[in-house]
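Observations on the three-dimensional arrangement
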Amino acid sequence: MKSDYRLRKAITALTAIASLTLGLLSSSHAAEVTVAMTVKEVNVAINNAGETRNMWTYDGTIPGPLVRVRQGDVVKFSMHNDAANGNSHSMDFHAARVDVLDEFSDVSPGDSKHYEFRADYPGVFIYHCGSESMAEHISRGMYGVIIVDPAEGYSDAYPEPDREYVLVQGDLFEEGSSAHDITAGNTWEAALINGKVFHYDPVHDPNASLALEAKPGERVRIFFVNASINDTAALHPIAGIWDRVWDNGNPKNISHGLQTVNVAPAHGMVLDLIPPADRPTNNAIVDHRMKAAMGGAITVLMNHEDADPEKGRNGNLILR
Ligand SMILES: [Cu+2]
């Protein structure tokens, strides 16, 4: 079982992360995981109609690449700030215990930076740019997720799921907003889920072509990270109940049978949902603050026997 877990983790990591190589996965030694990202200031589609904005990104996507390691692994991280960019950028991994003035310092356009940290705590963590103005850098798309799987693997307290999805909620501000107005929240325009307004909601957006899928009765695990700069997310699975919730994704922090869960800015939660086994159903995973929900933070989960076998599996956690 344990070796199955490691093999699956290795496959997941290799397929999910563009620039990643794994060290030896020996039974008694933690792995070294090399992660390399390039900061790119590029035009990115921010809705399902394909409308683009000039955004600042890790590797050209919002969120950036999913990083997945095992508790105890050493992450060897390199960041390159593309010479074509107009701003300094940085990388703050919330899964790291380091020096904010050293590892997380600014990198000028054309320069690179390398640092390492050991992933000591299991869970789901945000990573983000910390350069001034942090509000602008984060809300322009400079964030992503690192999952640190527990060293002991799955257990009664943290059972193996049938599907896994990553959902990251972020902000969209009006084009041309000043750093001051962004920080104050004056020009908030919409909520982004994995980089797009109503990304996985064909009910509210006829242009939406993607939804999460599962089969009836499956255990669906949501790795949720709130990348909003000011607002807590009130996460609720409409027509469902969170079977289990792990605060910060740590198997020790378990809650049962919750309806709505507050997720602070720059925090993460792992939440399991089990749709009824005896019939096809749908859930809408929302930020129940109506401003956010009606602004784009609704994700449809379709539970039916013909669910795509690749969705939420084999490293396919972030649907793009
Ligand atoms: Cu930045």
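Residues numbered from 1 in each chain as written. Predicted model: local features only at pLDDT ≥ 70, side-chain atom pairs only at ≥ 80, totals over all residues.

Quick word on the overall build of the protein
The line we're drawing: Helix numbers and strand numbers start at the N terminus; a helix is a DSSP run of H or I with at least 4 residues, a strand a run of E with at least 2. Radius of gyration means the value over C-alpha atoms here, while the globule rule gives 2.2 Å times the residue count to the 0.38 power. Residue burial is a threshold on neighbouring C-beta atoms within 10 Å of the residue's own C-beta, all placed from the backbone, with 20 or more meaning buried, 12 or fewer meaning exposed, and counts in between meaning partly exposed.
Across its full length, the protein holds four helices and 20 strands. The C-alpha atoms of the protein give 19 Å as radius of gyration, which agrees with the globular expectation for 320 residues (20 Å, within 12%). Its C-alpha atoms give the protein principal-axis dimensions of roughly 55 × 50 × 30 Å. Here the protein holds 320 residues, and the buried ones make up 44% of them.

Brief notes about the domain arrangement of the protein
For the record, the criterion: What counts as a domain boundary in this text is fixed by an automatic or database domain assignment. By the criterion used throughout, residues are in contact when their C-beta atoms, derived from the backbone, lie within 7 Å.
Considered domain by domain, the protein is made up of domain 1 (2-149) and domain 2 (163-303). Computed from C-alpha coordinates alone, the two centres of domain 1 and domain 2 are separated by 21 Å. Contact residues are listed per partner, giving 28 residues for domain 1 and 32 residues for domain 2. The set of elements that each furnish at least two residues to the side of domain 1 that touches domain 2 consists of β2 (32-45), β8 (123-128), α2 (134-139) and β9 (143-149). With five residues, the top contributor of residues to the side of domain 1 that touches domain 2 is β8.

Thoughts on the nonpolar core
Most often, soluble globular proteins have nonpolar side chains that are buried together. Formally: The term nonpolar core refers to a set of buried Ala, Val, Leu, Ile, Met, Phe, Trp, Tyr and Cys residues connected through C-beta atoms within 7 Å.
V145, I146, V166, I222, F224 and L271 are the most contacted members of the largest nonpolar core, which has 81 residues in total. When residues in this core are grouped by element, the largest group, six residues, is from strand β10 (residues 163-173). Residues within four places of V145 in sequence aside, it is in contact with P63, L66, V124, I126, V166, V168, F223 and V225.

Digging into the sheet that holds strand β4 (residues 67-70)
Formally: Two strands qualify as a pair provided that DSSP identifies no fewer than 2 bridges between them.
Within the open sheet, the four strands sit side by side as β4-β9-β8-β6. Their pairing is mixed. Here the strands that pair on one side only, and so sit at the sheet edges, are β4 and β6 (92-93). Strand direction decides the pairing type here: β4 and β9, joined by four bridges, are parallel. Bridge pairing in β9 links R68 to I147.

Looking at the sheet that holds strand β16 (residues 254-258)
So the rule is basically this: Only the stretch in contact is used when fitting a helix axis, every axis being a line fitted to C-alpha atoms; angles between N-to-C directions are given from 0 to 180 degrees.
Overall, mixed pairing links the six strands, which are arranged β11-β10-β13-β18-β15-β16 in an open sheet. Two strands in the sheet have a free side with no partner beyond their single neighbour: β11 (188-193) and β16. When strand polarity is set aside, the average angle formed by the axes of neighbouring strands in this sheet is 25°. Where strand β15 (residues 242-247) and strand β18 (residues 267-273) come together, five bridges link them in antiparallel fashion. Its bridge partner being in β18, R244 is matched across the sheet by D272.

Focus: the confidence of the model for the protein
For the record, the criterion: Here pLDDT means the predictor's own confidence in every residue, given as a number from 0 to 100.
Of the residues in the protein, 91% have a pLDDT of 70 or more, and the chain-wide mean is 93. Segment residues 1-28 is flagged for pLDDT under 50; beyond a separation of four residues in sequence, or across chains, it makes 42 contacts in the model.

Comments concerning unusual backbone geometry
In this structure, P63 follows I62 across a cis peptide bond, with omega equal to -5°. Tracing the sequence through the fold places P63 in the loop between β3 (52-58) and β4. Despite not being glycine, A239 has its phi angle at roughly 70°, a positive value. A tally of 13 C-beta atoms within 10 Å means that A239 is categorised as partly exposed.

Digging into the environment of D106
Within the element layout of this structure, D106 appears in the loop between β6 and β7 (112-118). Through-space distance from the C-alpha of D106 to that of S88 is 5.8 Å; in sequence the pair is 18 residues apart. With residues up to four places along the chain from it excluded, the contact list for D106 reads S88, S90 and S131.

A short note on the environment of K113
Topologically, K113 is positioned in strand β7. The residues touching K113, leaving out its near neighbours within four places in the chain, are M79 and V107.

A short note on the environment of H80
Examined against the element boundaries, H80 turns out to sit in strand β5 (residues 74-81). What makes H80 partly exposed here is the crowd of 18 C-beta atoms within 10 Å. Sequence separation between H80 and V39 is 41 residues, and the spatial gap between their C-alpha atoms is 6.2 Å. Those residues in contact with H80 that lie beyond four places of it in its chain are T38 and S112.

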